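Architecture and fold: a report
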Amino acid sequence: MKPILEIADLKDLARRRVPKLFFDYADSGSYTEGTYRANESDFARIKLRQRVLVDMSDRTLETTMIGEKVRMPVALAPTGLTGMQHADGEMLAAKAAEEFGVPFTLSTMSICSIEDVASVTKRPFWFQLYVMRDREFVKNLIERARAAGCSALVLTADLQLLGQRHKDIRNNLSAPPKLTPKHLCQMAMRPRWCWNMLKTDRRTFRNIQGHAKNVSDLASLGAWTAEQFDPKLSWKDVEWIKKQWGGKLIIKGTLDVEDAKMAARTGADAIVVSNHGGRQLDGAHSSIAMLPRIVDAVGHRIEVHMDGGIRSGQDVLKAIALGAKGTYIGRPFLYGLGAMGEQGVTKALEIIRKEMDVTMALCGKRQLADVDKSIIAENPF
Ligand code: FNR
């Protein structure tokens, strides 16, 4: 096997090990995928300042996110159907994050339930909430997250409707995943994945289906979302959610200065500058492009996190330099999971940590508290 040196290597391996419909589900953006691509390519436009002959010993990447100590400022983002990249995917990723010392965020749209994840971890994880039309179901989800000891609720604000991902439609991806003869062929070509799936009984949206009313079976992902998710969700509901939860709240999906100001007014603990990994509003700016002005507007009032397009430790450092207190990775850990299970998630985190450490040193810094805009190079042309 060729050595795994960067996130792209994990992606290549995942492509070979995960059935096409699930690999495509992770590796897709909405419509033209322009925003998905911009998330990655805009990072490459930012250049770093190389500094020399600075004492680079005794470095640390440790910091905090919403007051929680983290080994580096990189949390695992909430991702739906994680358990389809690898059997028991959410549990494996949570264990890898715990062992590594970074937060794990469990998506509402998970294959493993909140209780499944709580049963294999000691470190409190974060729970991501989608607000459904059925508010009793939402209340119940919040209660389950509290009972499981989750230390933050991440309210995703940018998915009242689903941005269409053409690949999912072409692949006939349904909720819950329904197997067509074409899918069975794709799976037969991935025997390792199949073998792991056969060993687990967590293959469906148990935690969603067990509680949501009126779930119609085997609808397309778009139709299922339209039926379940509340299109009326508004800023007024944030107060209700805050009251039900009573703990730390992170609002995810703010890409606009005005929305960031509204989020800060709700008294939330943090916002995530995010465009859902380019899976919702195609044509929106990349997250990294919007980060500096959002930090300028609200960074003094609320912790600002970001996600979208991070593929290396250099990217994380750029986000921190532009004012993010923390970041999240989605696809990089999914590729790791699909490639090598729990070990692959650890590998993704380790790759990013090492890259970040060396990059920070070569920028002449020894700790994140000293990393600011001064490490970004001016455009010389
Ligand atoms: C996501 N994302 C997401 N966000 C969320 O709040 N709830 C969810 O269930 C999901 N599901 C999901 C599935 C998949 C396959 C992907 C790739 C993404 C968005 C996610 O939390 C995060 O914002 C992006 O993944 C960040 O971009 P990168 O790191 O994937 O480029």
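Criteria and cut-off values
- Position labels on residues start from 1 in each chain and follow its written sequence.
- Given that the model is predicted, a residue must reach a pLDDT of at least 70 before its local features are reported, and side-chain atom pairs must reach 80 or more before they are shown or counted; all residues, however, enter totals for whole chains, interfaces and linings.
- UniProt positions are given in the numbering used here, feature names are shortened, and annotations may be inferred rather than shown by experiment.
- In this text, helices come from DSSP runs of H or I with a minimum length of four residues, and strands from runs of E with a minimum of two, each type numbered from the N-terminal end.
- All radius of gyration figures rest on C-alpha atoms, and the globule criterion is 2.2 Å times the number of residues raised to 0.38.
- Any residue whose C-beta has 12 or fewer other C-beta atoms within 10 Å is treated as exposed, any with 20 or more as buried, and any in between as partly exposed, C-beta atoms being built from the backbone.
- The term nonpolar core means buried Ala, Val, Leu, Ile, Met, Phe, Trp, Tyr and Cys residues held together as one set by C-beta atoms within 7 Å.
- Two residues form a contact once the distance between their C-beta atoms, set from the backbone, is within 7 Å.
- Fitted lines through C-alpha atoms serve as axes, helices being fitted only where they are in contact, and the angles separating the N-to-C directions of these axes extend from 0 to 180 degrees.
- An angle counts as roughly parallel when it lies under 35 degrees, as roughly antiparallel when it exceeds 145, as roughly perpendicular when it falls between 65 and 115, and as oblique in every other case.
- Should the near helix be turned anticlockwise from the far one by less than a right angle, the crossing is left-handed, and should it be turned clockwise, the crossing is right-handed.
- Note on residue categories: nonpolar means Ala, Val, Leu, Ile, Met, Phe, Trp, Tyr, Cys or Pro, charged means Asp, Glu, Lys or Arg, and polar means any other residue, Gly included.
- As a per-residue measure, pLDDT reflects the predictor's confidence and takes values from 0 up to 100.

If you look the protein chain up in an unreviewed UniProt entry, it shows as Alpha-hydroxy-acid oxidizing protein from Peteryoungia desertarenae. What UniProt records for the protein chain under Sequence similarities (unreviewed entry) is the sentence "Belongs to the FMN-dependent alpha-hydroxy acid dehydrogenase family." Quoted verbatim from the Cofactor (unreviewed entry) field of the UniProt record, the comment on the protein chain reads "FMN".

Considerations on the overall build of the protein chain
Helix and strand counts for the protein chain stand at 16 helices and 12 strands. Compactness check: the protein chain gives a C-alpha radius of gyration of 20 Å against a globular reference of 21 Å for 381 residues, within 12% of the reference. Residues classed as buried in the protein chain amount to 50% of the 381 residues present.

Description of the nonpolar core
Leu76, Ala93, Leu153 and Ile271 are the most contacted members of the largest nonpolar core, which totals 109 residues. With 13 residues, helix 16 (residues 331–362) is the single largest residue contributor to this core. Excluding residues that lie within four positions of it along the chain, isoleucine 271 makes contacts with Ile251, Thr254, Ala260, Ala263, Ile302, Val304 and His305.

Digging into the packing of helix 1 (residues 7–17) against helix 16
Relative orientation of the contacting elements helix 1 and helix 16 amounts to 165°, with a least axis distance of 10 Å. When the axis of helix 1 is compared with that of helix 16, the two are roughly antiparallel. Remark: the crossing between helix 1 and helix 16 carries right-handed chirality. In this structure, helix 1 contributes Ile7, Leu10, Lys11, Leu13, Ala14 and Arg17 to the contact, and helix 16 contributes Pro332, Tyr335, Gly336, Gly338, Ala339, Gly344, Lys347, Ala348 and Ile351. Grouping the constituent residues of the contact of helix 1 with helix 16 by class yields nine nonpolar, three polar and three charged.

A few points about the confidence of the model for the protein chain
When the pLDDT values of the protein chain are averaged, the result is 93; 95% of them are 70 or greater. Taken together, the chains of this predicted complex give a pTM of 0.96 and an interface ipTM of 0.99.

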